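Coordinates in review
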Amino acid sequence: MSVWPAWEVREGERTTSWFTVRLGFGDGARIDLLAVVCEGRVSLEEVRAQPALCLDDLAELAEWIEEPLFEACGPTAAHGTPAPSRRARPSWPRGIEGRRRVAQEYRAAQQQGTDPILAIMHATGHSRRKSLHLISQARDSGLLAPRHARG
């Protein structure tokens, strides 16, 4: 993944920056996009993908580019003060530690009689689809019982 500044516009204390982002994949697929960063928010202005993205992949695109894009923006806002928090959702550990926490949250919700998927969504700040993916990773790691008994 490559991120580089395209241009920047300053209006008083407000700065709007455009960044060109390129994602390359091992199979030759490529995504090029133009992202706009203003007041700690990111908008996608143009997306070109070869081959075309399905809607599910387009929905995941923001997560793919979020961290590298904000790293390219730098740690401070245009007027020299620390930039606002970059993540709207709480931080969540990756790898086995994240899967363990997903399993704990899932079991706690079951014991309380609440919807475990909503509990994971609330704890991680991720969408339903991403939360289901995290739950399936915890199942695959053996931290949760299989969803269905196989016969």
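Predicted, not measured: the structure shown is a model, and the values here were computed from it.

Here four strands make up an open sheet; going across it, the order is 1-2-3-4 and the pairing antiparallel. Either end of the sheet is taken by a strand with one partner, and the two such strands are strand 1 (2–11) and strand 4 (41–50). Pairwise comparison of adjacent strand axes, ignoring direction, gives a mean angle of 15 degrees for this sheet. Looking at chain direction, strand 3 (residues 30–38) and strand 4 are connected through nine bridges and run antiparallel. Pairing of Arg30 across the sheet is with Gln50, part of strand 4.

Moving on: the packing of helix 2 (residues 95–112) against helix 3 (residues 116–124). As a packed pair, helix 2 and helix 3 sit with axes 8 Å apart at the nearest point and diverge in direction by 135 degrees. On the basis of their axis angle, the class for helix 2 and helix 3 is oblique. Of the two possible hands of crossing, helix 2 and helix 3 adopt the one that is right-handed. Of helix 3, the residues touching helix 2 (which contributes Val102, Glu105, Tyr106, Ala109 and Gln110) are Pro116, Ala119, Ile120 and Ala123. Among the residues forming the contact of helix 2 with helix 3, the class breakdown is seven nonpolar, one polar and one charged.

Attention now moves to helix 3. Along an α-helix, residues three or four positions apart point the same way, because every turn accommodates 3.6 residues. Along helix 3, the positions that sit buried rather than exposed are Pro116, Ile117, Ala119, Ile120, Ala123 and Thr124. For helix 3, the angular spread of the buried residues around the axis is 160 degrees, confining them to a single face. Here the buried face of helix 3 lies against helix 2 and helix 4 (128–140). N-capping of helix 3 is provided by Asp115, with a side-chain oxygen placed 3.0 Å from the backbone N of Ile117. Positive backbone phi, approximately 80 degrees, marks Gly125, located one or two places after helix 3.

The rules behind these values
- Residues numbered from 1 in each chain as written.
- Predicted model: local features only at pLDDT ≥ 70, side-chain atom pairs only at ≥ 80, totals over all residues.
- Heavy atoms only, no water.
- Pairing = 2+ DSSP bridges.
- Helix = DSSP H or I, 4+ residues; strand = E, 2+ residues; numbered from the N terminus.
- Axes fitted to C-alpha atoms, helices over the stretch in contact; angles between N-to-C directions.
- Parallel < 35°, antiparallel > 145°, perpendicular 65-115°, else oblique.
- Left-handed = near helix turned anticlockwise from the far one by under 90°.
- Contact = heavy atoms within 4.5 Å.
- Nonpolar A, V, L, I, M, F, W, Y, C, P; charged D, E, K, R; others polar.
- Buried < 20%, exposed > 50% of the residue type's maximum accessible area, 1.4 Å probe, protein only.
- Arc of directions from axis to C-beta.
- Polar contact = N/O pair within 3.5 Å; in protein donor to acceptor, adjacent residues only side chain to side chain.

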